[in-house]
Amino acid sequence: MLMLVVSPSIAQQTESVGKSPWGPDDEIGTLNMMTAASKLAVLSQVTSGDVYDLSVNYFVGMPSFHALGDPGYQYWLTHTPHGTIVDNPNGLGKAMNEKVSYTGDAISMYTHMGTHIDALNHFGLNGKIWNGFTPEEHLGDKGWKKTGAETIPPIIARGVLIDIASYKGYENVKDNYRINSDDLKGALKQQGIELKNGDVVLIRTGQAQFYEDATAYLHHFPGINLDAVKWLIEEQGVMLLGADNLSFEAFPPEREDNWVPVHTYLLAEKGVMFIEQMNLEELSKAKIYEFAFIAASLKLKGASGSPMRPLAIPINSN
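Here's what I pulled together on the structure shown here. (Residues numbered from 1 in each chain as written. Predicted model: local features only at pLDDT ≥ 70, side-chain atom pairs only at ≥ 80, totals over all residues. Heavy atoms only, no water.)

Digging into the overall build of the protein chain
(1) Moving on: Per the secondary structure count, the protein chain includes ten helices and 15 strands.
(2) Moving on: Over its C-alpha atoms the protein chain spans a radius of gyration of 21 Å, differing by no more than 12% from the 20 Å that the globule rule assigns to 318 residues.
(3) Moving on: Principal axes of the C-alpha set define a box for the protein chain whose edges measure 70 × 50 × 40 Å.
(4) Moving on: Counting over 318 residues, the protein chain shows a buried share of 53%.
(5) Moving on: By sequence separation, contacts in the protein chain at least 24 residues apart represent 81% of the contacts at least 6 residues apart.
(6) Moving on: Here the protein chain displays about 14,600 Å² of accessible surface, and carbon together with sulfur accounts for 52% of that area.
(7) Moving on: In the protein chain, which carries 24 positive and 37 negative side-chain charges, the distance between the mean positions of the two groups comes to 4 Å. (Helix = DSSP H or I, 4+ residues; strand = E, 2+ residues; numbered from the N terminus. Rg over C-alpha atoms; globule rule 2.2 N^0.38 Å. Buried < 20%, exposed > 50% of the residue type's maximum accessible area, 1.4 Å probe, protein only. Contact = heavy atoms within 4.5 Å. Areas by Shrake-Rupley, 256 points an atom, 1.4 Å probe, with all protein chains shown as cover. Lys, Arg positive; Asp, Glu negative; His and termini not counted. Charge placed at Lys NZ, Arg CZ, Asp CG, Glu CD.)

A word on the environment of Ile 164
(1) Moving on: Positionally, Ile 164 belongs in helix α5 (residues 164–168).
(2) Moving on: A residue is classified by how much of its surface remains accessible, and Ile 164, at 0% relative accessible area, is buried.
(3) Moving on: Residues Ile 164 and Asp 182 lie 18 residues apart in sequence; the distance between their C-alpha atoms is 11 Å.
(4) Moving on: Not counting residues up to four positions away in its chain, the partners in contact with Ile 164 are Gly 169, Val 173, Ile 179, Asp 183, Leu 184, Ala 187, Ile 203 and Arg 204.

Comments concerning helix α8 (residues 226–235)
It helps to recall that an α-helix has 3.6 residues per turn; residues three or four apart then point in one direction.
(1) Moving on: Three or more residues of α8 are buried, namely Leu 226, Ala 228, Val 229, Trp 231, Leu 232 and Ile 233.
(2) Moving on: Summarising the contacts, the buried residues of α8 are in contact with β8 (178–179), α6 (181–191), β9 (200–204), β10 (223–224), β11 (240–243) and α9 (261–270).
(3) Moving on: Residue Gly 237 follows α8 closely and has a positive phi angle near 70°.

Thoughts on the pairing of β9
(1) Moving on: Of all five residues in β9, five are buried, a share of seventy percent or more.
(2) Moving on: Burial along β9 is two-sided: the face carrying Val 200, Leu 202 and Arg 204 and the face carrying Val 201 and Ile 203 are both buried.
(3) Moving on: Bridge count for strand β7 (residues 155–163) against β9 is five bridges, and the pairing is parallel. Opposite Leu 161, over in β9, you have Leu 202 as the bridge partner.
(4) Moving on: In this structure, β9 lies alongside β11, joined through four bridges in parallel fashion. Along β11, the bridge assignment pairs Val 200 with Leu 240. (Pairing = 2+ DSSP bridges.)

Focus on the packing of α6 against α8
(1) Moving on: Where α6 meets α8, the closest approach of the two axes is 7 Å, and the angle between their N-to-C directions is 55°. Compared by their axis directions, α6 and α8 come out oblique. Along its contact with α6, which presents Ser 181, Leu 184, Lys 185 and Leu 188, the element α8 presents Asp 227, Ala 228, Trp 231 and Leu 232.
(2) Moving on: For the contact of α6 with α8, the residue count by class is five nonpolar, one polar and two charged. (Axes fitted to C-alpha atoms, helices over the stretch in contact; angles between N-to-C directions. Parallel < 35°, antiparallel > 145°, perpendicular 65-115°, else oblique. Nonpolar A, V, L, I, M, F, W, Y, C, P; charged D, E, K, R; others polar.)

This is how it looks when you write it as structure tokens:
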């Protein structure tokens, strides 16, 4: 269960919503760093047809934010081969429905379940979200009019895996460990990788190995801390972040006045989206640390997040 115990030992700093350098109408923040040239540059470095799927399965009983009152994943059949014969919903009769079997199904889920991307409206500060948009002016009964998940473009960029679980050993990363900038620098040095402006950086904590067992997956809350994300964004110029844990940052929170300080720093202050609950295990086993990152999310109009299926394709190191 997610515990919201706070630590009073962290020095508090003023937090405020950021104004976009891409203009007053900007809804995608740092994803503006992508250009046709930058996408072509990384695709031109692809070295093979190997593709690593960085997403998890969706299934009944999967990990969810039920502790906060959000709905779990539900799946049900709307049509079955035998049921179609009995009900004859198409009006074509028994003979046709015995010949042509028909299966249909439906799902219901929270938009922040499984591998998904957080849109910039997901968390705000002091009554505003990224770029100063407000719920009074921009949130209707059918979702946000600004920064909704439908605005998130397909993402193609250089991706870098920072394998903290391998660098430190998983036993040293579990529980509520806070990944700091020294951890990131140490892992990058060990991997022989340097970050570049506009990168997509993925953090492996090792939690994905427990994803099929919700109880085990939800038992630990390791994640990145403010020091680490500030280093990535302000000093390294990273465009997009991702991780294999439940909610990207570590819990309990490191500020006494903000229960999700990393979320609000990235989304509300800096306009940086991030992907949660990724599967980075195969990438780690193959020691693939640099790749073409390709991903697209569902265009859920007005939503605060959307399921995503990210892919990694190895590239030549420069």
